[in-house]
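Survey of secondary and tertiary structure
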Amino acid sequence: IQLLRTRHRRHLTAIPGPILASFSNIWKIAAIYHEDMPGWNVSVHKKYGPVVRIGPNHVSFASPEAFQVIYTSRDLFTKRRRDQSDFYEVGAPTYRDEPLENLFSLRDAPRHAALRRNIGGLYTKAAVADFESKIDDCVMLFMKQLTNRTRIEPAKLDMSLWLHLLAFDCLGEINVSKKLGLLETGRDVNGFIETSDKIFYIVGLFTQAPILQRLLGYLRSRAPAEEAEPILKFTLNEVKTRTESLHPQGDMLGKLLGVHYKQPEKVTIRDLTAAIFINLTAGHDVLAITLRAIWYYLACNPRVKSKLRDEIKLVNNQLSSSDILPYSEISKLPYLNAVIHETLRVHPNTGTIIERKAPPGGATIDGYYIPGGTIVGVNAWVLHRNEVYGRDTDQFRPERWLEASTEERLRMNQFLFSFGAGTHTCIGKNIAMMMVSKAVLEFYRRFDATLALPPPEHTWKVHGSWVTKQTEMDMIVSGM
Ligand code: HEM
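Just so you know, these numbers come straight off a predicted model, no measurement behind them. (Residues numbered from 1 in each chain as written. Predicted model: local features only at pLDDT ≥ 70, side-chain atom pairs only at ≥ 80, totals over all residues.)

Attention now moves to the overall build of the protein chain. Along the backbone of the protein chain there are 23 helices and 13 strands. Projecting the C-alpha coordinates of the protein chain onto the three principal axes gives extents of approximately 75 × 55 × 40 Å. By residue count, 44% of the 480 residues in the protein chain fall in the buried class. Intrachain contacts of the protein chain at a sequence separation of at least 6 include 75% that bridge at least 24 residues. (Helix = DSSP H or I, 4+ residues; strand = E, 2+ residues; numbered from the N terminus. Buried ≥ 20, exposed ≤ 12 C-beta atoms within 10 Å, placed from the backbone. Contact = placed C-beta atoms within 7 Å.)

Now for the pairing of strand β12 (residues 468-471). In this sheet, β12 lies alongside strand β11 (residues 461-464) in antiparallel orientation, the contact comprising four bridges. By the bridge assignment for β12, Val462 is matched with Gln470. (Pairing = 2+ DSSP bridges.)

Here we take up unusual backbone geometry. For Arg96, which is not glycine, the phi dihedral falls at a positive 50 degrees. Structurally, Arg96 can be placed in the loop between β3 (94-95) and β4 (98-99). One non-glycine residue with positive phi stands out, namely Asn190, at about 60 degrees. Assessed through the 14 C-beta atoms surrounding it within 10 Å, Asn190 is described here as partly exposed.

Further remarks concern the sheet that holds strand β5 (residues 155-158). Taken in spatial order, the three strands make up an open sheet running β5-β13-β10, and their pairing is antiparallel. A strand with exactly one partner marks an edge of an open sheet, and here the two such strands are β5 and β10 (447-451). Each strand of the sheet is rotated relative to its neighbour by a mean of 35 degrees, with strand direction disregarded. Both β5 and strand β13 (residues 474-479) contribute to a ladder of four bridges, which runs antiparallel. (Axes fitted to C-alpha atoms, helices over the stretch in contact; angles between N-to-C directions.)

This next bit is on the environment of Gly377. Positionally, Gly377 belongs in strand β9 (residues 375-378). Each C-alpha atom of the pair Gly377 and Lys357 lies 8.5 Å from the other, and the pair is 20 residues apart in sequence. In this view, Gly377 contacts Ser60, Ile70, Ile353, Ile354, Glu355 and Arg356; residues no more than four positions away in its chain are not counted.

In the neighbourhood of the ligand, 22 residues make up the surrounding shell, with Gly283, Gly420, His424, Cys426 and Gly428 lying closest. Looking at the shell around the ligand, the elements that each hand over two or more residues are α16 (269-300) and α23 (429-446). For the shell around the ligand, the element with the most residues is α16, which contributes seven residues. Residues that form the shell around the ligand fall into these classes: twelve nonpolar, nine polar and one charged. (Near = placed C-beta within 6 Å. Nonpolar A, V, L, I, M, F, W, Y, C, P; charged D, E, K, R; others polar.)

Turning to the nonpolar core, a few remarks are in order. Among the nonpolar cores identified, the biggest contains 95 residues, and Leu166, Ala167, Ile276, Leu291, Trp295 and Met435 are the most heavily contacted of them. Looking at which element gives the most residues to this core, the answer is α16, with 18 residues. Apart from residues lying up to four places away in sequence, Ile276 is in contact with Asn175, Val176, Thr235, Glu238, Val239, Met252 and Leu253. The next biggest cluster of nonpolar side chains, apart from the first, holds 36 residues, and it includes Phe67, Tyr71, Phe77 and Ala421. (Core = buried A, V, L, I, M, F, W, Y, C linked by C-beta atoms within 7 Å.)

Moving on, we get to the sheet that holds strand β1 (residues 51-55). Here we have four strands laid out as an open sheet, ordered β1-β2-β9-β6, and mixed in their pairing. On the outer flanks of this sheet lie β1 and β6 (356-357), each paired with one strand and no other. Inspection of the sheet shows β1 paired to strand β2 (residues 58-61) by four bridges, in the antiparallel sense. The partner of Val52 across the bridge, within β2, is Ser60. Against the sheet, helix α5 (residues 64-72) engages β2, β6 and β9, with an angle of about 125 degrees to β9.

All right, on to the packing of α16 against α23 then. In the contact formed by α16 and α23, the axes pass within 11 Å of each other and the chain directions differ by 35 degrees. Crossing angle aside, the handedness with which α16 passes α23 is right-handed. Of the residues in α23, those touching α16 at Leu287, Thr290, Leu291 and Ile294 are Ala432, Met435, Val436, Ala439 and Val440. (Left-handed = near helix turned anticlockwise from the far one by under 90°.)

Attention now moves to helix α15 (residues 252-262). Taken together, the buried positions of α15 are Met252, Leu253, Lys255 and Leu256. An end-on view of α15 places all buried positions within 165 degrees of arc, on one side of the element. Facing away from the buried side of α15 by more than 90 degrees, the exposed set consists of Tyr261 and Lys262. Contacts from the buried residues of α15 go to α6 (109-119), α9 (159-176), α14 (230-244) and α16. (Arc of directions from axis to C-beta.)

Moving on to the environment of Asn237. Tracing the backbone through its elements, the reader meets Asn237 in helix α14. Sequence separation between Asn237 and Thr273 is 36 residues; the distance between their C-alpha atoms is 9.9 Å.

Secondary-structure assignment places Leu141 in helix α8 (residues 132-150). On the basis of neighbour count, Leu141 is assigned to the partly exposed category, with 19 C-beta atoms found within 10 Å.

Let us now look at the confidence of the model for the protein chain. Low-pLDDT stretches of the model should not have their predicted coordinates read in fine detail. Looking at the protein chain, the pLDDT average stands at 92 and 95% of residues meet or exceed 70. Here the predicted complex scores 0.95 on pTM and 0.98 on ipTM. (pLDDT = per-residue confidence, 0-100.)

Have a look at this one:
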C-alpha cells in the first residue's frame, strides 16, 4: 500500500500548485474558512495554469476539455465513495439506522440511474407545468407582502432574506402543497433556514479533509437527524399524514405516491420520502442564491435593468388582462433569458469544485497522468470565466448570450456548469427556471429595487463556501 501511495504521489508531484497543498489539505480548509473558495480557486489557476494541485490527492482543472472528460464521459469519473471525505454525505441523513439515500447522495451508478429513470418523468418540462399555479400562488403572496410594506413610501428591505423566504415557500407548495409560513411571517420558521445554513457551512468546511470528515460523521451520529434537521422532520410528518389520507394531491408528493401505488417495487415509501427531503434541501438555498444574484446585478447595472423593463412592458401590454403572466409566454422572452443565463454564469451556486474520483486505471487529462482514486474536478467560477464566454468575462453583460452565433451559444450552454453536468445534472432545473423567471418578471413588472447604499460603499457579502450564499443585501424597494 505504501508503495502504491508513493507512486500515486509521484505522479501528482509533477502538477504545479501551492506548496502547502502538496502535503496537506490546509489550503482548501483556509479557502473555505475565509469563505472565498471561488476567489482562491480562480487565482491559483491564474498563477499556476490550467491544472493545479490543491490538495495532496486533489487536482483542480480549468479547461472546457477537462470539464468534458470529467463530467460527461459516462460513469467513468464517479461521485466519491462513502469512506472518503465527501460532501455528498450530507444529502443522506441517517434515518432508521440507514442513510436515507436519494439522487443527490447515491454514489452507486446503477442504483442512481434506476432511481433517476423511475422518478425522472416527474421533473420534465411538461410535468412541472402542473406546478405553475403553485408558483403563482407564492409569487403573488410575495408581491402582497412587498405591496403592504411599500404602500406609503419606499421601504428598506433585506432582500437576501425575502428572496430566500420566497424560494422556500415555493418549494413547500410544489412538493407538499404547503407554504412553510416564511412569506406569511416575513421570517425564518422552525429554524429551517438557520439550520440549513449551519449544515451547508459545516459540511463545506469539514469535507475538505478525511480526518475532519470522520469527525463530522461522529458528531452527526450523536444527534438523531429527525430532531437535528427540521426539513427531515417536516418531510417525515408530511409523508405520514399523506399516506394516511385518502385525498390525492397534484403536488410532487402526490405524483410520487401515484408511481408508488402503481409500482411499489420501483419507488418505495422510503425512496419518495428521500426524494421530497432532497428536493427541499437541495433546492431552497440555490434558488435563493440565483434570485439574489439577479436582484443584485440588476441593481448594479441600471442599463440592463431598464432594457429588461422594456421587454417586460411589451409583454405586459399584450397580456394586460392577466393577473400573472403564463410561463409559456415568459419563457420566450430573449432578454429575460439572457439575464438569467448571465447571472448563472457570473454567480454559480457551488463555490467548491463538484468532486469526482478518477477511474481505477487512472486517466490523462490536459496532458497530465492522473492516478486512479485522485479527486478531480472543475470549479464553475473558473470555467465560467473561460474565453468561450468572450474576453470580458468579469463583466455582467447579458448581451453576450444574444450576440453569439448559434454555434457559439451552443458551446456557452454546453459549458455552463451552474446546474451540474452529465448523469448528475440538476433534476430540478425545469422547476428552477420556471420559478426564477416568474419571480423576476412579476417583481420588475410592479416594483423597483435599488441598493440602499450604491456601490462602492455598498457591496453584498458573498459566503464562498460549498454554496455561495449572499447576505447584507439591504435594498430600497418601491412600487412602480
Ligand atoms: C437555481 C436553482 C438550482 C441550481 C443552480 C441547482 C444546481 C444543482 C447542481 C450544480 C447539481 C449537481 C450536483 C452534483 O453533481 O453533485 C444539482 C443536482 C440536484 N438538484 Fe439542483 N439546483 C437548483 C434547483 C433545484 C431544485 C428547485 C430542486 C428540486 C426541486 C433541485 C434538486 C436537485 C437534485 C435532486 C439533484 C441531484 C440530481 C442527481 O444527482 O441525479 N435542484 N443541482
